[in-house]
Amino acid sequence: MTVLTLEKQYGLYINGKQEQTAETMEVLNKYTQEVAAHISVAQKRHVDEAIKGAKAALKKPFAPYARYEVLMKAAQLLMERCEEFAKVLAIEVGKPIRESRGEIERAAQTLQISAEEAKRIHGEGVPVEAAPGSENRMAFTVRVPVGVIAAITPFNVPVNLVCHKIGPALAAGNSVILKPAEVTSICALMLADILEEAGLPSGRLQVLTGSGAEIGGFLLENKDVNMFTFTGSPKVGELIRSKAGLRKVALELGNNSATIVHKDANIAQAASLVAQKGFNNAGQVCISVQRVYVHEDIYEAFVAVLKEKTETFVIGDPLDEKTDIGPMIRLREAERVEAWVNEAVEQGANVELGGKRNGAIYYPTILTNVNDDMKVCRQEVFGPVVSVALYKEIDEVIAKVNDSDYGLQAGLFTNDLQFAMKAAREIEVGGLIVNDASAYRVDHMPYGGVKNSGNGKEGPKYAIEEMTEERIIVFNL
Ligand code: NAD
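Predicted, not measured: the structure shown is a model, and the values here were computed from it.

*Asks:* Could you clarify how one ought to interpret the site of the ligand in this entry?
*Replies:* Neighbouring the ligand are 28 residues; T153, E182, S233, L253 and E380 lie closest to it. For the ligand, a nitrogen atom lies 3.4 Å from a polar atom in the backbone of G212. A distance of 2.5 Å separates an oxygen atom of the ligand from a polar atom in the side chain of E380. Notes on the ligand: free accessible area 850 Å², of which the protein chains cover 88%. Looking at the shell around the ligand, the elements with two or more residues in it are helix 7 (212–221), strand 11 (227–231) and helix 8 (234–243). Here the shell around the ligand spans two domains, and each of domain 1 (8–253 + 454–476) and domain 2 (258–442) adds at least three residues to it.

Structure (structure tokens):
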């Protein structure tokens, strides 16, 4: 059983074995800022060895039914170890314990859905005989694995987002080299442990910990990696795309998510959901509510209830059952958010709530009197800051939502069917959530953005389409 203990060193996971390295990196307890453990740092030779092993593993049989059984078993083992994983998340991410348990439950579902999809990967008949001269031919497609997939993942949802990559990749018959975020690598190593126990053949999953830039560089250099699937910041996503050449790349990137609250909305319900989904995981969620546009008729009432709901949140130790909001991932991230809020205030914004920092904790903050060009609106805050602005007209607010480099998801509270239909047609996002905030996701739905929010979809069924090639077989009879 893997337990996160002070000063413990975690090895790389290559070809079913743990490998310790001389060079290590510290993993901090994000609340106390003490060293919780150390991880190994992969060098070029480890990366090449992992890729070689992953490629060799593709030659050994791993039938869809076996993939189903391994992933189902892994989901079960994950739930059996839910409490242990949740504690590691609380320490390693700083995610409150109740929210951490929720992530583990979601991750187990992602593995289960991936297992189910392993049995449903299929091609289709193609009527080639419809073309003159092909009367005696018959054709169909099959979906084949792309091969070795490099999966690079962020810190904020480090178990479920890893499952969203390795679940579908393994279900589709690929091998995966996982490079988790350096600040939250331990839960990924624990997942590898579970998959091994569930019977995953050695080499099908390799976990390389250490510097993202270095390992990323080595993975990009090695032509035996057939595909990159990345979730993280737009800056790194762009770099991966620019260096991947002609290989497949799937990118899940950032957002400055908008939610519209129209004049007919249920104010209490909308404010409660915005509070919850703007401050979950200290706002470090890619679809976290960041920009809220409220109709002028209900603006003041909405801000009052939003403040009231947010004031009830308990801020503090993620391991405490009562805590709703913990620290941010790094002290410098909390300092960045503080600087952005201060800049907005200098530019005329009002702090309705919060606006202060204690170490890596940034207090849940509500800003009003903002404009769309302030950093807190224009860029991705990725912290516990919600900016509320008012609007008068439907066309005006749709234009405001679309005036963004990003387009992952948006929320709209209204029962006005005309507005909802117009928004469905005109808002430029991967997903529009009606009568909820932007941050709604279940794990089998297609999930992914447009514009700088990325390309390609996740959700096991959709990720499998990205992670397989369609091959046509033509018979000449
Ligand atoms: P990040 O881009 O800093 O890091 C993500 C991963 O990339 C880490 O594993 C890191 O080690 C690695 N990395 C860093 N430099 C690299 C390089 N040069 N080459 C290859 N890999 C490299 O992102 P983060 O701070 O961990 O996560 C926050 C970002 O992730 C936010 O922008 C957020 O919106 C985004 N995100 C998006 C989704 C989504 O589904 N769209 C989900 C969660 C997070």
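And the narrative resumes.
*Asks:* Could you clarify how one ought to interpret the sheet that holds strand 19 (residues 385–391) in this entry?
*Replies:* The strands making up a sheet associate through backbone hydrogen bonding, with each pair oriented either parallel or antiparallel. Taken together, the seven strands give an open sheet; going across it, the order is 15-18-19-14-13-21-22, and neighbouring strands pair in mixed fashion. The open sheet has two edge strands with one neighbour each: strand 15 (350–353) and strand 22 (431–434). Going from strand to strand, the sheet's axes swing by 25° on average, the running direction of each strand aside. Pairing geometry for strand 18 (residues 365–368) and strand 19, over three bridges, is parallel. Counterpart to I366 in the pairing with strand 19 is V386. Contacting strand 15, strand 18 and strand 19, helix 11 (residues 331–346) runs over the sheet at an angle of about 25° to strand 18.

*Asks:* Explain the domain arrangement of the protein chain here, please?
*Replies:* Interface size is commonly expressed as the accessible area that is lost once the parts come together. The domains assigned to the protein chain are domain 1 (8–253 + 454–476) and domain 2 (258–442). A per-residue breakdown of the area domain 1 buries against domain 2 is headed by Y31, R98 and F155, which together make up 25% of the total. For the salt bridge of D324 with R98, the shortest nitrogen-to-oxygen distance reads 3.0 Å. Viewed at the interface, domain 2 and domain 1 are joined by nine residue pairs in polar contact (both at pLDDT 80 or more). The set of elements that each furnish at least two residues to the side of domain 1 that touches domain 2 consists of helix 3 (82–92), helix 4 (97–118) and helix 5 (160–171). For the side of domain 1 that touches domain 2, the element with the most residues is helix 4, which contributes five residues.

*Asks:* Is there a simple way to think about the sheet that holds strand 7 (residues 137–145) in this case?
*Replies:* Pairing within the open sheet is antiparallel, and its three strands lie in the order 6-7-25. Of all the strands in the sheet, the pair left with one neighbour each is strand 6 (125–126) and strand 25 (468–476). Across nine bridges, strand 7 lies against strand 25 in antiparallel orientation. Bridge assignment links V144 to a residue of strand 25, and that residue is E469.

*Asks:* Would you explain unusual backbone geometry in this entry?
*Replies:* Peptide bonds are mostly trans, and most non-glycine residues show a negative phi. Phi is positive for A282, which is not a glycine, with a value near 55°. Along the chain, A282 falls in the loop between helix 9 (267–279) and strand 14 (291–295). The class for A282 is buried, based on a relative accessible area of 2%.

*Asks:* It is not clear to me how the pairing of strand 21 (residues 409–413) should be interpreted in this structure. Could you clarify?
*Replies:* Residues in a regular strand project their side chains so that they alternate between the two faces of the sheet. For strand 21, a buried count of five out of five residues is recorded, marking the element as mostly surrounded by other parts of the structure. Because side chains alternate across strand 21, one face comprises the buried residues Q409, G411 and F413, and the other comprises A410 and L412, equally buried. Pairing geometry for strand 13 (residues 258–261) and strand 21, over three bridges, is parallel. Each residue of the ladder has a partner; that of I260, found in strand 21, is L412. Where strand 21 and strand 22 come together, four bridges link them in parallel fashion. Considered in strand 22, the bridge of Q409 is made with G431. Regarding topology, helix 14 (residues 417–426) serves as the crossover connection from strand 21 to the parallel strand 22, and that connection is right-handed.

*Asks:* Can you help me understand the packing of helix 2 (residues 64–80) against helix 4 in this one?
*Replies:* Axes are the key here: two packed helices are described by the angle between their axes and the distance separating the axes. It is at 8 Å that the axes of helix 2 and helix 4 come closest, and there the two elements cross at 170°. By the angle between their directions, the pair helix 2 and helix 4 is classed as roughly antiparallel. Here helix 2 and helix 4 pass one another in a crossing that is left-handed. Contacts between helix 2 and helix 4 involve P64, R67, Y68, L71, M72, A74, A75, L78 and M79 from the former and I104, E105, A107, A108, L111, Q112, S114, A115, E116 and A118 from the latter. Split by residue class, the contact of helix 2 with helix 4 holds 14 nonpolar, two polar and three charged.

*Asks:* Before we go on, may I ask you to explain the pattern of salt bridges in this structure?
*Replies:* Following the criterion strictly, the structure yields 26 salt bridges and no others. Between E426 and K422 there is a salt bridge, with its nearest N and O atoms 3.1 Å apart. With E426 and K422 both in helix 14 and four residues apart, the pair spans about one turn of that helix. By relative accessible area, K422 is classed as partly exposed at 25%. Between K451 and E428 there is a salt bridge whose closest N-O contact spans 3.2 Å. Residue K451 is found in strand 23 (residues 450–451), and its partner E428 is found in the loop between helix 14 and strand 22; the two are separated by 23 residues along the sequence. Relative accessible area serves as the criterion here: at 34%, K451 is assigned to the partly exposed category. Connected through salt bridges with shared partners, the residues R81, E84 and D193 form a single ionic network.

*Asks:* I tried to follow a nonpolar patch on the surface on my own but got confused; where do I start?
*Replies:* Together, M138, F140, F475 and L477 line one region of the surface with nonpolar side chains, adding up to about 420 Å² of accessible area. Position of F140 among the secondary structure elements: in strand 7. By relative accessible area, F140 is classed as partly exposed at 33%.

Reading the values: the criteria
Each chain carries its own residue numbering, running from 1 in the written order of its sequence. Only residues with pLDDT of at least 70 get local features here, since the model is predicted, and only at 80 or more are side-chain atom pairs given and counted; chain-wide, interface and lining totals rely on the full set of residues. To obtain the side-chain values, all non-hydrogen atoms of the structure were used and water was disregarded. Throughout this document, a residue counts as near a molecule or strand when at least one of its heavy atoms sits within 4 Å of that molecule or strand. Any pair of nitrogen or oxygen atoms within 3.5 Å is treated as a polar contact; in protein, a donor-acceptor pairing is required on top of that, and neighbouring residues in sequence qualify only through side-chain atoms on both sides. Here, Shrake-Rupley sampling with a 1.4 Å probe gives the accessible areas, and only protein chains in the shown set may cover a residue. Note on conventions: DSSP H or I runs of at least 4 residues are helices, E runs of at least 2 residues are strands, and numbering of each starts at the N terminus. Residue ranges for the domains originate in an automatic or database domain assignment. Pairing between strands requires that DSSP locate at least two bridges from one strand to the other. The axes are straight lines fitted to the C-alpha atoms, using for helices just the contacting stretch, and the angles between their N-to-C directions are given from 0 to 180°. In this analysis, two residues are considered to be in contact whenever any of their non-hydrogen atoms come within 4.5 Å of each other. Note on definitions: buried area is the accessible-area loss of two parts on being combined, 1.4 Å probe, summed for both. Throughout this description, the term salt bridge denotes a Lys or Arg side-chain nitrogen within 4 Å of a carboxyl oxygen of Asp or Glu. Burial classification: accessible surface area is computed with a 1.4 Å probe over protein chains only, and a residue below 20% of its type maximum counts as buried, one above 50% as exposed, and the rest as partly exposed. Assignment of crossover handedness uses the view with strands pointing away from the viewer, where a clockwise path from the first strand over the helix to the second indicates a right-handed crossover. Note that the term roughly parallel is reserved for angles under 35 degrees, roughly antiparallel for angles over 145, roughly perpendicular for angles of 65 to 115, and oblique for everything else. By definition, turning the near helix anticlockwise from the far helix through less than a right angle yields a left-handed crossing, and turning it clockwise yields a right-handed one. Amino acids are sorted into nonpolar (Ala, Val, Leu, Ile, Met, Phe, Trp, Tyr, Cys and Pro), charged (Asp, Glu, Lys and Arg) and polar (every other residue, Gly among them). Exposure above 30% relative accessible area and the lack of any salt bridge qualify a residue for a patch; like charges then connect within 9 Å, and the nonpolar side chains Val, Leu, Ile, Met, Phe, Trp and Tyr within 5 Å.

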